[in-house]
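Summary of the model geometry
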Amino acid sequence: MALGRLLPGEVDAVKERQFRVGYEIERFEGLMAAYRSGGDDMPVLNAAQLEDLDRLRVALRIGVDKLERWAEFRTGQSEQRR
């Protein structure tokens, strides 16, 4: 739902919100990991549902990685971890 509120609008408006969008995509990726691990408190999703959500995750990641400031931020984070 958070992504649904952040993504609509002109490209310039989305670019202004790119850090929030990136953060929400990372949260979504964490949620996907929890679904895959099948924790006790997670609803059970079938393989088709997981595949659909994974495709969405990949598409979102590709899109957010094209936002220049977000890509630079992520690159900087990766270099700091080394």
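In this text the structure is predicted, and so the values were computed from the model without any measurement.

Re the packing of helix H3 (residues 18-37) against helix H4 (residues 47-65)
For the pair H3 and H4, the least separation of the axes is 10 Å and the interaxial angle reads 155°. Taken together, the axes of H3 and H4 are roughly antiparallel relative to one another. Considering the relative orientation of H3 and H4, their crossing is left-handed. Between H3, through Gln18, Val21, Gly22, Ile25, Glu26, Phe28, Glu29, Met32, Tyr35 and Arg36, and H4, the contact on the second element is made entirely by Leu50, Leu53, Asp54, Leu56, Arg57, Leu60, Arg61 and Val64. Residues that form the contact of H3 with H4 fall into these classes: 10 nonpolar, two polar and six charged.

Structural notes on the packing of H4 against helix H5 (residues 68-81)
Think of two packed helices as two axes; the pair is described by the angle between the axes and how far apart they sit. As a packed pair, H4 and H5 sit with axes 7 Å apart at the nearest point and diverge in direction by 100°. One finds that H4 runs roughly perpendicular with respect to H5. Between H4, through Arg61, Val64 and Asp65, and H5, the contact on the second element is made entirely by Trp70, Ala71 and Arg74. Residue composition of the contact of H4 with H5, by class: three nonpolar, no polar and three charged.

Description of the packing of aromatic side chains
Given two aromatic rings, one states the distance between the centres and the angle between the planes to describe the pair. Overall, the coordinates contain three aromatic pairs when judged by the stated rule. Consider the rings of Phe19 and Trp70, whose centres lie 5.9 Å apart with planes at 65°: the pair is edge-to-face. With a gap of 51 residues between them, Phe19 in helix H3 and Trp70 in helix H5 connect regions that are remote in the sequence. Trp70 gets classed as buried once you look at its relative accessible area, which sits at 2%.

With respect to the pattern of salt bridges
The tally for this structure, following the rule as stated, stands at nine salt bridges. Across the salt bridge formed by Arg20 and Glu24, the nearest N and O atoms sit 2.7 Å from each other. With Arg20 and Glu24 both in helix H3 and four residues apart, this pair spans about one turn of that helix. By relative accessible area, Arg20 is classed as partly exposed at 45%. Given a relative accessible area of 6%, Glu24 falls into the buried group. A salt bridge links Arg57 to Asp54; the shortest N-O distance between them is 2.8 Å. With Arg57 and Asp54 both in helix H4, this residue pair falls three residues apart, about one helical turn.

What counts, and at which threshold
Residues numbered from 1 in each chain as written. Predicted model: local features only at pLDDT ≥ 70, side-chain atom pairs only at ≥ 80, totals over all residues. Heavy atoms only, no water. Axes fitted to C-alpha atoms, helices over the stretch in contact; angles between N-to-C directions. Helix = DSSP H or I, 4+ residues; strand = E, 2+ residues; numbered from the N terminus. Parallel < 35°, antiparallel > 145°, perpendicular 65-115°, else oblique. Left-handed = near helix turned anticlockwise from the far one by under 90°. Contact = heavy atoms within 4.5 Å. Nonpolar A, V, L, I, M, F, W, Y, C, P; charged D, E, K, R; others polar. Phe/Tyr/Trp six-rings, centres within 6.5 Å; stacked < 30°, edge-to-face > 60°. Buried < 20%, exposed > 50% of the residue type's maximum accessible area, 1.4 Å probe, protein only. Salt bridge = Lys/Arg side-chain N within 4 Å of Asp/Glu carboxyl O.

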